[in-house]
Amino acid sequence: MQDKFSKIGFVLAMAGSAVGLGNAWKFPTMVGNNGGSAFIVLYLVLTFGIAFVAFLAELSIGKLGETDPVHSFEKLAPKYKKQWSMAGFFMIGGVLIASFYLLVIGWILKYIFLSFSSLPSTTDEAGAAFGNLITNDFVSSAMCFSIVFFIVFYVVSKGIKSGIEKLNVWMMPSLFILLLIMLAYSLTMGDGFFKAAEFLFVPDFSKITPDIVLQALGLAFFSLSMGVCTVPTYAASLPDGANLVKSTLSIIFINILVGIMMGLIVFTFVFAYSGDTTQGGPGLIFVSLATLFAKLGVVGNVLAVAFFTSLLFAGITSAVSMIEPFTFYLINKLKISRKRALVYIAIFVYSLGIICILSFYEPTSFKLLGKPFFDILDYLTSNLIMPVGAITFSIFVGFVLKKEGIYILFSGFMNKTMFEIWYFLLRFVIPVAVLAIMIYQILK
Ligand code: PFF
């Protein structure tokens, strides 16, 4: 039997999973370039109309199954045990994401070290430094990857309560304090801050195209860690009496709040110094921001340490949630200790991580189908495994589980009408909407 979270521990751990690197480089850039608050409104509608609905379904699988994903599906679908237990294997998506996600957290760690000494001062220099790290400096990449790898596996080895909950209970508030400090500093940057706020919040509905709607939906799923069994796994350790609806709303609220705070901070710096808002992903974080911090002298070093540390925390709390589902499964399936289960997973994740490093490293530049292995893993998980997983879980709860059983689970937290609306959206809107994203992405 798995140990349980406390109520607040569950919310913090689930929010820790949701708040991750996606909030720092996907959310702000997408908001800024796709219509400011018009995108935020769209994101909120999709988050509450679709992601929230599917999230509750994932929670109910964990809460009703009370064990690892594969065995939960077996237990809840006794007639088609074998077939439905396959759905639990979407958890492998989490392990695959961890393999390249840990590498990015490793780069962040490297930038924390750099922030203590000297950050590159021009964009060219910064671009060259980052390029050099990933294409030439195998030792630094592998070392930083190894350090975060050990931290993450060490935390998961301690289990739900003394590992994952403990980590989130101090890391999430620390992350929030770091963001508040940086936000306070951003406020003193007058013009930059107002331009950032304008960029993020002034609505431009003309930018909302079908493509943007689908991208926003994909972001909502990625950001809430859906489709790879993280939610059912954490929910299997929910304490009795936790309010599922309120907890979910708190998690979503924290996730959006952190995204907006990150956006304000990042773009205040960008507007105060360079104004190039089109950079996204690693370019935004490791090139633009690193240069901007360097312009501020010692204060910049302090801010850079705070910023990269907040990203490190956000990344680590997400990474542990990618590993836990498969760990829990191996413990139950093979009747082995948590440590032994983690050794098997560690070998797999470490090997894939090293292949990812080698895929950028120039002397080897390991490619598959002409693309770096890193990009293939990212594409496969975000565009295929996560959406297919999310549809599968929604169909399972909507069409396989008995309606009365789910109603009993939720009746304390929503009235009958709300339940009926939720149930309708779950059965008919979610599968169609998610299928639409996927077909669109394949065709485009
Ligand atoms: N939600 C995380 C982010 O926004 O960075 C990513 C993630 C975490 C995906 C956990 C999947 C997962 F299981």
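Before reading on, note that the structure itself is shown above.
Conventions used here
- Residues numbered from 1 in each chain as written.
- Predicted model: local features only at pLDDT ≥ 70, side-chain atom pairs only at ≥ 80, totals over all residues.
- Heavy atoms only, no water.
- 1 Å grid on protein atoms, 1.4 Å probe; cavity = no way out; pocket = protein on both sides within 12 Å on 5 of 7 lines; lining within 4 Å.
- Points joined across faces, edges and corners; volume = space filled by probe spheres on them.
- Helix = DSSP H or I, 4+ residues; strand = E, 2+ residues; numbered from the N terminus.
- Nonpolar A, V, L, I, M, F, W, Y, C, P; charged D, E, K, R; others polar.
- Axes fitted to C-alpha atoms, helices over the stretch in contact; angles between N-to-C directions.
- Parallel < 35°, antiparallel > 145°, perpendicular 65-115°, else oblique.
- Left-handed = near helix turned anticlockwise from the far one by under 90°.
- Contact = heavy atoms within 4.5 Å.
- Core = buried A, V, L, I, M, F, W, Y, C linked by side-chain atoms within 4.5 Å.
- Buried < 20%, exposed > 50% of the residue type's maximum accessible area, 1.4 Å probe, protein only.
- Disulfide = S-S within 2.5 Å.
- Near = heavy atom within 4 Å.
- Polar contact = N/O pair within 3.5 Å; in protein donor to acceptor, adjacent residues only side chain to side chain.
- Sits in = over half its atoms within 2 Å of the grid points.
- Phe/Tyr/Trp six-rings, centres within 6.5 Å; stacked < 30°, edge-to-face > 60°.

### What about the layout of surface pockets?
Item 1. Its volume calculated, the largest pocket comes out at about 910 Å³.
Item 2. The element contributing the most residues to the lining of the largest pocket is helix H18 (residues 373-400), with 8 residues.
Item 3. Here the residues of the lining of the largest pocket sort into 20 nonpolar, 11 polar and 4 charged.
Item 4. One number sums up the size of the second largest pocket: a volume of about 250 Å³.
Item 5. Lining the second largest pocket, in full, are Leu64, Lys75, Leu76, Ala77, Pro78, Lys79, Tyr80, Val400, Leu401, Lys402, Gly405 and Ile406.
Item 6. Those elements giving two or more residues to the lining of the second largest pocket turn out to be helix H5 (69-76) and helix H19 (403-410).
Item 7. Its residues assigned to classes, the lining of the second largest pocket shows 8 nonpolar, 1 polar and 3 charged.

### Remarks on the packing of helix H4 (residues 37-65) against helix H20 (residues 416-443)
Item 1. For the pair H4 and H20, interaxial distance at closest approach is 9 Å and the crossing angle is 115°. By the angle class used here, H4 and H20 are roughly perpendicular. Helix-helix and strand crossings are classified by hand; for H4 and H20 the assignment is left-handed. Of H20, the residues touching H4 (which contributes Gly49, Ile50, Val53, Ala54, Leu56 and Ala57) are Trp422, Leu425, Leu426, Ile430 and Ala433.
Item 2. Its residues assigned to classes, the contact of H4 with H20 shows 10 nonpolar, 1 polar and no charged.

### Some thoughts on the nonpolar core
Item 1. The biggest cluster of nonpolar side chains holds 175 residues, and the ones touching the most others in it are Trp107, Phe307, Phe308 and Trp422.
Item 2. Counting residues per element, this core draws most heavily on helix H16 (residues 297-334), which supplies 18 residues.
Item 3. Other than its neighbours up to four places away in sequence, tryptophan 107 contacts Phe130, Leu133, Ile134, Ser141, Phe286, Phe360 and Phe374.

### A closer look at the state of the cysteines
Item 1. The tally for this structure, following the rule as stated, stands at 0 disulfides.
Item 2. With no disulfide of its own, cysteine 356 lies 16 Å from the sulfur of cysteine 144, the closest cysteine sulfur.
Item 3. Overall, cysteine 356 belongs to the buried group, its relative accessible area being 0%.

### Focus on the site of the ligand
Item 1. Near the ligand you find 17 residues, and of these Ala18, Gly22, Tyr101, Phe222 and Thr230 are the closest.
Item 2. Contact between the ligand and leucine 21: an oxygen atom at 3.1 Å from a main-chain N or O atom of the residue.
Item 3. Phenylalanine 222 is positioned such that a nitrogen or oxygen atom in its backbone is 3.0 Å from a nitrogen atom of the ligand.
Item 4. Judged by the proximity of its atoms to the pocket grid, the ligand belongs to the largest cavity.
Item 5. Listed by contribution, the elements that provide at least two residues to the shell around the ligand are helix H1 (7-18), helix H2 (21-25), helix H7 (91-116), helix H12 (210-223) and H16.
Item 6. Its residues placed into classes, the shell around the ligand shows 8 nonpolar, 9 polar and no charged.

### What to know about the environment of glycine 62
Item 1. Mapped onto the elements of the fold, glycine 62 is located in helix H4.
Item 2. For the pair glycine 62 and phenylalanine 113, spaced 51 residues apart in sequence, the C-alpha to C-alpha distance is 39 Å.

### Quick word on the packing of aromatic side chains
By convention here, two paired aromatic rings are described through the distance between centres and the angle between planes.
Item 1. Scanning the entire structure with this criterion turns up 45 aromatic pairs.
Item 2. Ring centres 5.8 Å apart and planes at 50° place the aromatic pair phenylalanine 293 and phenylalanine 307 in the tilted group. With phenylalanine 293 in helix H15 (residues 281-294) and phenylalanine 307 in helix H16, the pair connects residues that are 14 residues apart, well separated along the chain.
Item 3. A relative accessible area of 1% means that phenylalanine 307 is categorised as buried.

Just geometry here; none of it tells us what the structure is for.
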